[in-house]
Number of protein chains: 2
Amino acid sequence: MDNFTFHSPTEFVFGRGTQNQTGKLIKQYGGGKTLLVYGGGSAERSGLIKQITDSLKSEGIDFAVLKGVKPNPTDDKVYEGIALAVKEGVTFVLAVGGGSVIDTAKAIAMGAVYSGDFWDFYCGKATPVAALPVGVVLTIPAAGSEGSPNSVITKLDGLHKVSCRCQLTRPKFAVMNPELTMSLPWEQTAYGITDMLCHIFERYFSNTPAQLVNAYSEAIMRDVMDNALTLKINPEDYEARADVMWAGTLAHNGICGVGKEEDWATHRMEHEVSAIYNVAHGAGLACIAPAWLTFVAKRNPDMVWKFAINVMSVNPEGLETDQIIEEGISLLKDFYHDLGLTTSLTELIGKEPDIDAMVKSLEGNMGKSLGFYVPLTMDDCREIYKLAL
Amino acid sequence: MDNFTFHSPTEFVFGRGTQNQTGKLIKQYGGGKTLLVYGGGSAERSGLIKQITDSLKSEGIDFAVLKGVKPNPTDDKVYEGIALAVKEGVTFVLAVGGGSVIDTAKAIAMGAVYSGDFWDFYCGKATPVAALPVGVVLTIPAAGSEGSPNSVITKLDGLHKVSCRCQLTRPKFAVMNPELTMSLPWEQTAYGITDMLCHIFERYFSNTPAQLVNAYSEAIMRDVMDNALTLKINPEDYEARADVMWAGTLAHNGICGVGKEEDWATHRMEHEVSAIYNVAHGAGLACIAPAWLTFVAKRNPDMVWKFAINVMSVNPEGLETDQIIEEGISLLKDFYHDLGLTTSLTELIGKEPDIDAMVKSLEGNMGKSLGFYVPLTMDDCREIYKLAL
């Protein structure tokens, strides 16, 4: 285990009806006038936005509204939010939604108190020294952004999709009511499950010895897969919704990565797919993850073998290492197919993707090497994209 | 899963050499003059106290010293610490040690800013509204107090050993260097392992459905037991020390109890043993836990059966439920014996304990009912003490 600092100060308020505590929580964390950020009409139609604004009003909290955040959120919405936050003089940013909304809220929170261009923080030109406090009402368990310091924004000019890690943007609180996720379209549930599993993959596939962290990470992965299949049959199973929601947080608040060198090649390779072809991040991951596993297992089989046995429940008896690995990856693909997802990039985007363009953009965003479990050259990445076709 | 709030804002700074960051961390959390609280000579002899005071001095942090905290910490030391804290005008309390030292530091932190008697908080007469910030350098992984809001103090007058839960006393930071635990006498390692396992038991044995939380709790329990046996052979195995140390925190920072009704009968029954006979808390737990399991399994077998299979690895094939449970509890006792601990109260204290006196004190401290997995009457508790003889 490597030295580490683990600091997850977010207050998680979990369970039925908790969205009605939002106003009280904003007050508890010193918020005054609030920028309410959300996506589309579903949060309005379900009555959630009214419940939340009622909760704000009952605490005397004034608010401005930024709506219309789209999946794979883009810089234009962030600029719009920053302008609104400054004009309205807000002191708190409340995200109501999933990863795209939360990430937009985080970018606004940093940008609203910065004299330069918020993109400086994403392209590495500057480091944030202040941010407005952020709170979350989570409606899509997936990105783990409710308990992480990370946000991912796409710059429309050039379609650069990059991540910024800033502890100042860790949400002060995250309201998590599993009931709010019951009416999600199935594919959003499936994408979310794929994303949270991949957040654990990025930490699990590591060369650092970590018996304890691996053991509880495996337990979480097995549980998510089990509950995913329950939800496929009964999307309104509260216990399964609750487990998946809590797992999404644990997958990305850092607890599955303590003391380990994390990888993140799969996520970065997928960012090119969703940035260029505007597909859902989770859908892209279901194509890239098995391809990445197939590629890295040839150079560094240990953890892929362990994953096959301990997570995918391959019975190793009488099998060679490479057979165990092959069976494990095959079962992972079966799992994605059971969720209704494709593991073929060509099928996903409806044509063969432009691998040259993706590799070029990847190199532009990430440099010449990617990942740690097996450090990848750009030629390796090209190979993985091919395996994912 | 029940509704819950999970809030673990402590910053965990983990790994080799981290004690040298103590001064910097105190400053980061706004501390000025500091009350340094520790136990006996071992922390001085090992050079740890010098490393820490050097770290404080290099940050220009002045400090006063309270030493001599004993296991099963008592109110007299707390009063001494409060008087010193007030006299010296400290603004931060730093605990260097295990649970006893940390719990004493927490009690001082509450008492130093309270005009009444600090015991008011432990006997339920008052609720703390303020406390000095507390930091920790952990030397004994066991109590989990470094990441919890709890502290347990014994009032010498009457030997009342009771717990106070106050979020204000959650440590701001916990410095955790596994190397510091390598030179612990073996029995302290064994007591610590017993204590942290029991912190998970208190949450695991519950009637609330909690598939995910149970799954990762089981993974942590299995890993602690495995590493305990590694350490019995090689006490200087860094990876095993690191796993046990991190597990001790996870066992008690609340993450294994989210959304569950917790039990705590075993701990409360043990507190009477260690308060009256001044034995180590972990030593008492090794006697009470198997007796409690034997008793409750007759009324509510489900989770004990699950524990036997998933944690103690009993192969259920061809066995009846009660045989599985019996085998599981028998293997748990074997585990304690492998650690060199007795599971007999009579052997532990060198004579038959006064069960009447323990039940009377338990009733005085806790009232007529105890626990939730199986709510216990005082007669039930008497029966469990008998099973532990």
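Below is a short write-up of the structure. (Residues numbered from 1 in each chain as written. Chains lettered and ligands numbered in written order. Predicted model: local features only at pLDDT ≥ 70, side-chain atom pairs only at ≥ 80, totals over all residues. Heavy atoms only, no water.)

## Focus: empty space enclosed by the protein
A full pass over the atoms with the stated rule returns 4 cavities of 30 Å³ or more. What the largest cavity holds in volume is close to 60 Å³. Along its surface, the largest cavity is lined by Tyr216, Ile220, Leu250 and Ile255 of chain A together with Tyr216, Ile220, Leu250 and Ile255 of chain B. Only helix H8 (211-233) of chain A together with helix H8 (211-233) of chain B provide two or more residues apiece to the lining of the largest cavity. Partitioning the lining of the largest cavity into residue classes produces 8 nonpolar, no polar and no charged. For the second largest cavity, the calculated volume is near 50 Å³. Pro141, Thr181, Leu184, Thr189, Gly192, Ile193, Met196, Leu231, Arg241 and Val244 of chain A are the residues that line the second largest cavity. (1 Å grid on protein atoms, 1.4 Å probe; cavity = no way out; pocket = protein on both sides within 12 Å on 5 of 7 lines; lining within 4 Å. Points joined across faces, edges and corners; volume = space filled by probe spheres on them. Helix = DSSP H or I, 4+ residues; strand = E, 2+ residues; numbered from the N terminus. Nonpolar A, V, L, I, M, F, W, Y, C, P; charged D, E, K, R; others polar.)

## Re the interface of chain A and chain B
Tallying the contact residues gives 37 residues for chain A and 37 residues for chain B. Across the chain A/chain B interface, buried area totals approximately 3200 Å², and carbon plus sulfur atoms make up 56% of it. A per-residue breakdown of the area chain A buries against chain B is headed by Met1, Leu212 and Trp246 of chain A, which together make up 21% of the total. Run the count over chain A and chain B and you get 18 residue pairs in polar contact (both at pLDDT 80 or more). Looking at the side of chain A that touches chain B, the elements that each hand over two or more residues are strand E1 (4-14), H8 and helix H9 (238-250) of chain A. Ranked by residue count, the leading element in the side of chain A that touches chain B is E1 of chain A, at 11 residues. (Contact = heavy atoms within 4.5 Å. Buried area = accessible area lost by both parts, 1.4 Å probe. Polar contact = N/O pair within 3.5 Å; in protein donor to acceptor, adjacent residues only side chain to side chain.)

## With respect to the packing of H9 of chain A against H8 of chain B
Where H9 of chain A meets H8 of chain B, the axes come as close as 9 Å, and the angle between the chain directions of the two elements is 45°. In terms of their interaxial angle, H9 of chain A and H8 of chain B are classed as oblique. Contacts from Asp243, Trp246, Ala247 and Leu250 of chain A of H9 of chain A reach H8 of chain B at Gln211, Leu212 and Tyr216 of chain B. (Axes fitted to C-alpha atoms, helices over the stretch in contact; angles between N-to-C directions. Parallel < 35°, antiparallel > 145°, perpendicular 65-115°, else oblique.)

## Looking at helix H5 (residues 99-111) of chain A
Relative to the 18 Å expected for 13 residues at 1.5 Å per residue, H5 of chain A spans 18 Å between its end C-alpha atoms, a close match to the ideal helical length. Buried within H5 of chain A are the following residues: Gly99, Val101, Ile102, Asp103, Thr104, Ala105, Lys106, Ala107, Ile108, Ala109, Met110 and Gly111 of chain A. (Expected span 1.5 Å × (residues − 1). Buried < 20%, exposed > 50% of the residue type's maximum accessible area, 1.4 Å probe, protein only.)

## Focus on the relation of the copies chain A and chain B
In this structure, two copies of a chain are linked by a rotation about an axis accompanied by a shift along it. Its rotation angle being 180°, the transformation that places chain A on chain B also includes 0.0 Å of axial translation and leaves an RMSD of 0.0 Å. Here the symmetry operator amounts to a two-fold rotation axis. Closest approach to the rotation axis within chain A is made by the C-alpha atom of Pro9 of chain A, at a distance of 1.9 Å. The residues that chain A uses at the interface reappear at the interface of chain B in 100% of cases, marking a shared surface. (Least-squares fit on C-alpha atoms with pLDDT ≥ 70 in both.)

## A short note on the packing of aromatic side chains
Taken as a whole and assessed by the stated rule, the structure comprises 42 aromatic pairs over all chains. A ring pair is formed by Trp246 of chain A and Phe4 of chain B, whose centres lie 5.2 Å apart and whose planes are at 80°; its orientation type is edge-to-face. Taken together, the residues span two chains, with Trp246 of chain A in helix H9 and Phe4 of chain B in strand E1 (residues 4-14). Like Trp246 of chain A, the residue Phe4 of chain B is buried in the burial classification. Among the aromatic residues, ring-to-ring pairing joins Phe201, Tyr204, Phe205, Trp292, Phe307 and Tyr373 of chain A into one connected group. (Phe/Tyr/Trp six-rings, centres within 6.5 Å; stacked < 30°, edge-to-face > 60°.)

Don't take any of this as a statement about function, it's just geometry.
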